[in-house]
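Descriptive analysis of the structure
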Amino acid sequence: MAMDFATVLGQWPMLLKGLVLTAVLTGIAIPLGVLLGIACAWSRLYGGAALRFGVAAYVEVFRNTPFIIQLYFLFFGLPSMGVRLSPEVASILAMTLNLGAYACEQIRSGIEATPHGQIEAAQCLALSPWQTFTRVVLPPSLGRVWPSLVGQTIIVMLGSSVCSQISTEEISYAANLISSRTFRSFESYILVTVVYLGLAVLLRQLLNWIGPRWVFGRRA
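Residues numbered from 1 in each chain as written. Predicted model: local features only at pLDDT ≥ 70, side-chain atom pairs only at ≥ 80, totals over all residues. Heavy atoms only, no water.

At Ala126, a residue that is not glycine, the phi angle is positive and equals roughly 65°. Checked against the element boundaries, Ala126 lands in the loop between helix H6 (116–124) and helix H7 (129–159). In this structure, Phe183 is a non-glycine residue whose phi angle is positive, near 60°. Among the secondary structure elements, Phe183 is positioned in the loop between helix H8 (171–182) and helix H9 (185–215). Classification of Phe183 by relative accessible area gives exposed; the value is 69%. (Helix = DSSP H or I, 4+ residues; strand = E, 2+ residues; numbered from the N terminus. Buried < 20%, exposed > 50% of the residue type's maximum accessible area, 1.4 Å probe, protein only.)

Below, the discussion takes up the pattern of salt bridges. Applying the stated criterion across every chain, the model contains five salt bridges. Notably, a salt bridge pairs Arg108 with Glu105, separated by 2.6 Å at the nearest N-O pair. Of this pair, Arg108 and Glu105 both sit in helix H5 (residues 87–112), three residues apart, which is roughly one turn of that helix. For Glu105, a relative accessible area of 16% corresponds to the buried category. A salt bridge links Arg184 to Glu187; the nearest nitrogen and oxygen atoms lie 3.3 Å apart. Given a relative accessible area of 3%, Glu187 falls into the buried group. (Salt bridge = Lys/Arg side-chain N within 4 Å of Asp/Glu carboxyl O.)

Structurally, the α-helix is built with 3.6 residues per turn, so residues lying three or four positions apart point the same way. Those residues of helix H4 (residues 67–77) that sit buried are Phe67, Gln70, Leu71, Leu74 and Phe75. The arc that holds every buried residue of H4, seen down its axis, measures 115°, which confines them to one face. On its buried side, H4 packs onto helix H3 (49–63), H5 and H7. (Arc of directions from axis to C-beta. Contact = heavy atoms within 4.5 Å.)

To continue, consider a nonpolar patch on the surface. On the surface, Met3, Phe5, Leu9, Phe186, Ile190 and Val194 cluster together into a nonpolar patch covering about 560 Å² of accessible area. Elements that contribute at least two residues to the nonpolar patch include exactly helix H1 (5–9) and H9. Top element by residues in the nonpolar patch is H9. It accounts for three residues. Inspection of the secondary structure puts Ile190 in helix H9. (Patch = residues over 30% accessible without salt bridge, like charges linked within 9 Å, V, L, I, M, F, W, Y side chains within 5 Å. Areas by Shrake-Rupley, 256 points an atom, 1.4 Å probe, with all protein chains shown as cover.)

The full count for this structure, using the stated rule, is five aromatic pairs. Ring geometry for Tyr46 against Phe133: centres 6.1 Å apart, planes inclined by 85°, an arrangement best described as edge-to-face. A residue pair is termed long-range when its members are at least 10 positions apart, and Tyr46 in helix H2 (residues 12–46) and Phe133 in helix H7 qualify at 87 residues. Overall, the relative accessible area of 42% leaves Tyr46 in the partly exposed class. (Phe/Tyr/Trp six-rings, centres within 6.5 Å; stacked < 30°, edge-to-face > 60°.)

It is worth spelling out the packing of H7 against H9 at this point. Interhelical geometry of H7 versus H9 gives an angle of 160° and a closest axis separation of 10 Å. Here H7 lies roughly antiparallel to H9, going by the angle between them. H9 is crossed by H7, and the crossing has right-handed handedness. Contacts between H7 and H9 involve Pro139, Leu142, Trp146, Val150, Thr153, Ile154, Met157 and Leu158 from the first element and Tyr196, Leu199, Ala200, Leu203, Arg204, Leu207, Asn208, Gly211 and Val215 from the second. Taken together, the residues of the contact of H7 with H9 sort by class into 13 nonpolar, three polar and one charged. (Axes fitted to C-alpha atoms, helices over the stretch in contact; angles between N-to-C directions. Parallel < 35°, antiparallel > 145°, perpendicular 65-115°, else oblique. Left-handed = near helix turned anticlockwise from the far one by under 90°. Nonpolar A, V, L, I, M, F, W, Y, C, P; charged D, E, K, R; others polar.)

As structure tokens, then:
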């Protein structure tokens, strides 16, 4: 059977809507997840015993369970407790919590690699603990782990495809719907594969550009 991409591309409004929603989910979840990872890394290193235990439990749960189960729990499980989330909100929350757990350990390893002399120098300059952490410890720590952090954010972006299972109308949801309507499964999924590849490359380039300029302060 001859391939017919024209039929699939004829559904471009649906594809565009899915692409935009994928970008929105990723654009919201990534900064929230990284911020959550920073907060959790600080808690595991400098927090009280109860806080360290709670954060460690969160990290272990989210790093050792499938993303789809986390998503199902938030969307299907929470309503039994009286909490109802829209598919989009549940998707963003699941992506944020998942990324936060992985980012926590990556950032914590970067912080632990900070030479103690830098911290002592900051204390000699009478910097507060908050200033020491945000200006002396955190930026170079992020610089050390940025490549692995970028890789993890791309994994989370690609994982957004699972969100179609709760009717989040992102790009893989669009591909499934187009495939069922046109019976052009091969063409639909080839096209979406190319889209995800392009998104991954663009996201990596964007984060590698943002990092040195706005996050850990190394100017190109």
